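Notes for the structure review
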Amino acid sequence: MIKVLIADNHPIIRMGVRKVLESAEGFELIDEVATTEELFKKLKDTTPDVVMLEMDIPEINGIAALRKIKKDYADVKVLMYSGQSEDVYALSAIRAGAFGYLSKSSGTEYITAAVTKVSEGSMFITNELAQRLAFDEGTKKPRRFFRKLSTREIEVLKLLASGKRNKEVALGLNLNEKTVSTYKARLMKKLNVDNMVDLLQQAKALELY
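Residues numbered from 1 in each chain as written. Predicted model: local features only at pLDDT ≥ 70, side-chain atom pairs only at ≥ 80, totals over all residues. Heavy atoms only, no water.

Per an unreviewed UniProt entry, the recorded name for the protein chain is Two component transcriptional regulator, LuxR family, and the organism is Maribacter ulvicola.

As a further point, take the packing of helix H7 (residues 151–161) against helix H9 (residues 177–190). Where H7 meets H9, the closest approach of the two axes is 10 Å, and the angle between their N-to-C directions is 95°. Between H7 and H9, the angle falls in the class roughly perpendicular. Between H7 and H9, the residues in contact are Arg152, Glu153, Val156, Leu157 and Leu160 and Tyr183, Lys184, Arg186, Leu187 and Lys190, respectively. In terms of residue class, the contact of H7 with H9 is built from 5 nonpolar, no polar and 5 charged. (Axes fitted to C-alpha atoms, helices over the stretch in contact; angles between N-to-C directions. Helix = DSSP H or I, 4+ residues; strand = E, 2+ residues; numbered from the N terminus. Parallel < 35°, antiparallel > 145°, perpendicular 65-115°, else oblique. Contact = heavy atoms within 4.5 Å. Nonpolar A, V, L, I, M, F, W, Y, C, P; charged D, E, K, R; others polar.)

Let's shift gears to the packing of aromatic side chains. For any pair of aromatic rings, the description rests on two quantities: the centre-to-centre distance and the angle between the ring planes. Evaluation of the coordinates by the stated rule reveals 1 aromatic pair. Sitting over the face of the ring of Phe40, Lys68 holds its NZ or CZ atom 5.2 Å from the ring centroid. Its end group placed over the ring of Phe99, Lys77 keeps NZ or CZ at 5.9 Å from the ring centre. (Phe/Tyr/Trp six-rings, centres within 6.5 Å; stacked < 30°, edge-to-face > 60°. Lys NZ or Arg CZ within 6 Å of the ring centre and 35° of its normal.)

Pasting the structure below:
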């Protein structure tokens, strides 16, 4: 069971999120809080797997609260969510240590998907947002955030993007073919995709081909 704590000062939003989690299998809503003071009191007594933290929660703002959670409760993973612009706030939240960002305008099906992925230690953002965040419209270059790939991962991604098959990538980099498959799986996880078409789109956004 994934233990979830909701931190949001809007009762209707909390109720809606609670209903979604209660109607799905594998989730345990351990509590709800409306302020950051209540949140940190609760974290002293219990350890949720995931905190769903509203960006504009009262008292301490969401980013400051997120940083405090990362500092004092390192095992707790945070999924930020907000009605504010994704383009403006998602990158800030993720840079501050959030494992994911969810817009309040997203479909309810994203709630369980996001909480599950974050609980596993993976990053969650929608594919649409990933594309926008990967490419900085101002500089016309990829954002450095998505450069969190190792040199070897970039080499593998470049070859895959050029149309090479796993076997050809393995030969080109003097790797075992199974190792290439492992790199491919790791790239999909890091870039938040689950198929080769989306992986190649991310490679294009990163100007790798």
